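Working through the structure, step by step
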Amino acid sequence: MGTLVLDATTKTIQAVMSGAAATSNPEYTVAYADSTSSSLTEGASDGALNGTSAVTVVSSPAASTRRVIKWITIQNKDTAAVTVTITYNSYRDWE
């Protein structure tokens, strides 16, 4: 994976499974750094996917902040193969 940068409060990264898990949902871990004009703060998040509902694995940064994604890991904890789609969302107000 190359470097991903969320540079607006309207940008997120989501993951969704193509169907329900047989026994256990995949788990994810994300490492990132938030950069402003005066600071750099490292952070991480983790959790589990939940079937066909999209899960936000990286939330949007605060205003005037760039969130630099270092890595995203998704581990299949199920007894069967799963298909996961990762989506970069950039919502805009088109008024």
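Refer to the structure presented above.
Residues take numbers from 1 onward in each chain, read along the sequence in its written order. Per-residue local features of the predicted model are confined to residues with pLDDT of at least 70, and side-chain atom pairs are confined, for both listing and counting, to 80 or more; whole-chain, interface and lining totals are unaffected and use all residues. The side-chain figures draw on all heavy atoms in the structure; neither hydrogens nor water molecules are used.

This paragraph deals with the packing of aromatic side chains. Aromatic pairing here means that ring centres of Phe, Tyr or Trp (its six-membered ring) are within 6.5 Å. Orientation follows from the plane angle: under 30 degrees is stacked, over 60 is edge-to-face, and everything else is tilted. Scanning all chains against the criterion turns up zero aromatic pairs. Distance and angle both matter: a charge sits over a ring if NZ of Lys or CZ of Arg is within 6 Å of the ring centre and within 35 degrees of the ring normal. Against the face of Tyr-32 rests Arg-67, its NZ or CZ located 4.3 Å from the ring centre.

Under the scheme used here, helices are H or I runs from DSSP no shorter than 4 residues and strands are E runs no shorter than 2 residues, and both carry numbers assigned from the N terminus. Checked against the element boundaries, Thr-3 lands in the segment before strand S1 (4-6). The cut-offs for exposure are 20% and 50% of the maximum accessible area for each residue type, with area from a 1.4 Å probe on protein chains only; residues under the lower value are buried, those over the upper are exposed, and the others partly exposed. Taking the relative accessible area as the measure of exposure, Thr-3 reaches 63% and is therefore exposed. Taking C-alpha positions, Thr-3 is 31 Å from Thr-79, a pair spaced 76 residues apart along the chain. We call two residues contacting when some pair of their heavy atoms lies within 4.5 Å. Excluding its chain neighbours within four sequence positions, the residues that come into contact with Thr-3 are Val-68 and Ile-69.

Moving on, we get to the sheet that holds strand S5 (residues 55-58). DSSP calls a pair of strands paired once it identifies at least 2 bridges connecting them. The antiparallel open sheet is built from three strands, whose spatial order is S5-S2-S7. Sheet topology places S5 and strand S7 (84-90) at the edges, where each strand pairs with a single neighbour. For this sheet the average axis-to-axis angle between neighbouring strands, irrespective of direction, equals 35°. The pairing of strand S2 (residues 11-17) with S7 spans seven bridges and is antiparallel. Looking at the pairing, Gln-14 lines up with Thr-87 of S7. Throughout, an axis means a line fitted to C-alpha atoms (over the contacting stretch in the case of helices), and angles, computed between N-to-C directions, take values from 0 to 180 degrees.

Relative to the helices and strands, Arg-67 resides in strand S6 (residues 66-75). Taking the relative accessible area as the measure of exposure, Arg-67 reaches 8% and is therefore buried. Looking at Arg-67, its side chain comes within polar contact range of the main-chain oxygen of Ser-59, at 2.9 Å. Every residue in contact with Arg-67, bar those within four places of it in the chain, is listed here: Leu-4, Val-5, Leu-6, Tyr-32, Ala-33, Asp-34, Val-58, Ser-59, Ser-60 and Pro-61. Polar contacts here mean pairs of N or O atoms no more than 3.5 Å apart (in protein, one a potential hydrogen donor and the other a potential acceptor; neighbouring residues in sequence count only if both atoms are side-chain atoms).

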